[in-house]
Amino acid sequence: MSNDKRFDDDDNGGVILDKKIETQKPALYRVLMLNDDYTPMEFVVMVLQRFFGHNTEAAQRIMLHVHQRGVGVCGIFTYEVAEAKADQVMTFARKNEHPLQLQLEKE
Ligand code: TYC
């Protein structure tokens, strides 16, 4: 009971103090894209536009960054959204027979 954030140790007459919870921000996760030797550049650019909402210029910049540096950030989301996007993209890549890999990284 005293470890529960909804309660403090003062006597508040049973009133739940939830201000702390209301101001907590959700943890955020980076969706990282990894380079490989086989996925076509145009496919990666299309994925960045379709699944992450980047315009053509941003998508090309991110794709080239990943191609040259090995890893890059597609976007930053809550855990559920980040996981869903990474899964959707990898499922789509496998359907198209590309080995494209994404990973989550806590901010
Ligand atoms: N390296 C790939 C190629 O030369 C392109 C590529 C870029 C693949 C980014 C994956 O996440 C990636 N066709």
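Note that the coordinates shown come from a computational prediction; the quantities given were computed from them, not determined experimentally.

Novice: Hey, could you run me through the layout of surface pockets in this one?
Specialist: To find leftover empty space, one rolls a probe the size of a water molecule over the atoms. The space that makes up the largest pocket amounts to roughly 160 Å³. Lining the largest pocket are 13 residues, with Asn35, Asp36, Thr39, Val44 and His67 positioned closest to its centre. Going through the elements one at a time, strand E1 (28-34), helix H2 (41-52) and helix H3 (56-69) are the ones with two or more residues in the lining of the largest pocket. Among the elements that take part in the lining of the largest pocket, H3 stands out by supplying three residues, more than any other.

Novice: What's the story with the site of the ligand in this structure? I'm lost.
Specialist: Taken together, the neighbourhood of the ligand is formed by Met33, Leu34, Asn35, Asp36, Thr39, Met41, Val44, Met63, Val66, His67 and Leu100. The contact in question runs from a nitrogen atom of the ligand to an N or O atom on the side chain of Asn35, over 2.8 Å. Asp36 has a polar backbone atom sitting 2.7 Å from a nitrogen atom of the ligand. Surface burial for the ligand is 89%, taken as the share of its 350 Å² of free accessible area covered by protein chains. Of all the cavities here, the one that holds the ligand is the largest pocket. Sort the elements by how many residues they give to the shell around the ligand and H3 lands first, with three residues. Looking at the shell around the ligand residue by residue, the classes come out as seven nonpolar, three polar and one charged.

Calculation criteria
- Residues numbered from 1 in each chain as written.
- Predicted model: local features only at pLDDT ≥ 70, side-chain atom pairs only at ≥ 80, totals over all residues.
- Heavy atoms only, no water.
- 1 Å grid on protein atoms, 1.4 Å probe; cavity = no way out; pocket = protein on both sides within 12 Å on 5 of 7 lines; lining within 4 Å.
- Points joined across faces, edges and corners; volume = space filled by probe spheres on them.
- Helix = DSSP H or I, 4+ residues; strand = E, 2+ residues; numbered from the N terminus.
- Near = heavy atom within 4 Å.
- Polar contact = N/O pair within 3.5 Å; in protein donor to acceptor, adjacent residues only side chain to side chain.
- Areas by Shrake-Rupley, 256 points an atom, 1.4 Å probe, with all protein chains shown as cover.
- Sits in = over half its atoms within 2 Å of the grid points.
- Nonpolar A, V, L, I, M, F, W, Y, C, P; charged D, E, K, R; others polar.

Limitation: the analysis is restricted to geometry and does not speak to function.
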